[in-house]
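# Breakdown of the fold
One letter stands for each residue in the lines below.
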Amino acid sequence: GLTVAPAVTSNAVGTTSMFQACVGLRSTPNYDLSKVTTANTMFSTCSGLNTIGTLTTTSNLQYTASMFQSCPTLEGMPLFDVSNVITSTAMFSGCTNLKAESLPAFNFANLTTAQINTIAPSRGMTVYNYTTGNIQVYNGTKWANVTLS
């Protein structure tokens, strides 16, 4: 498999397609994403990827669409803050080996119903509705409650 040396990412503001289609990539080192706002397709179609290193300081992330899409061997995720994410469409689509219990606790934006009604959402946007106590995803038409079992 492909070995990736730690990259200096502490000054990066975007990591879009950084490793996209690296089919031999099996694992990643730790990355400092403290200034990154856009990470769309960062690991998309890395079909051999099964381990992600620590993604430190992710509170500035706003765009994570397809970040891990089509990574069928991905087994787990490090804890990372998604409280400012605006678009996360298809973030884990095609991650067939990823189980809910292997996902960390995500920190979604905590908003009231009144606040949610003032934003212009995009499909896939996810929030925690503090008023109703529900995680909600915008499906392109309306906000839908996420049902957890």
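Residues numbered from 1 in each chain as written. Predicted model: local features only at pLDDT ≥ 70, side-chain atom pairs only at ≥ 80, totals over all residues. Heavy atoms only, no water.

The next subject is the confidence of the model for the chain. Taken residue by residue, the chain gives an average pLDDT of 83. The fraction at 70 or more is 87%. Averaged pLDDT values over the elements of the chain bottom out at 78 in strand E2 (residues 55-56) and peak at 90 in helix H1 (residues 113-116). (pLDDT = per-residue confidence, 0-100. Helix = DSSP H or I, 4+ residues; strand = E, 2+ residues; numbered from the N terminus.)

With that out of the way, let us pick up the environment of Asn 97. Positionally, Asn 97 belongs in the loop between E2 and strand E3 (110-111). A sequence separation of 26 residues divides Asn 97 from Cys 71, and the C-alpha atoms of the two residues are 8.4 Å apart. The residues touching Asn 97, leaving out its near neighbours within four places in the chain, are Pro 72, Thr 73, Leu 74 and Glu 75. (Contact = heavy atoms within 4.5 Å.)

Not every positive phi belongs to a glycine, and Ser 17 is a case in point at roughly 60 degrees. Of note, Ser 17 is situated in the segment before strand E1 (31-32). Positive phi, normally seen in glycine, also occurs at Thr 41, with a value near 55 degrees. As for its placement among the helices and strands, Thr 41 is situated in the loop between E1 and E2.

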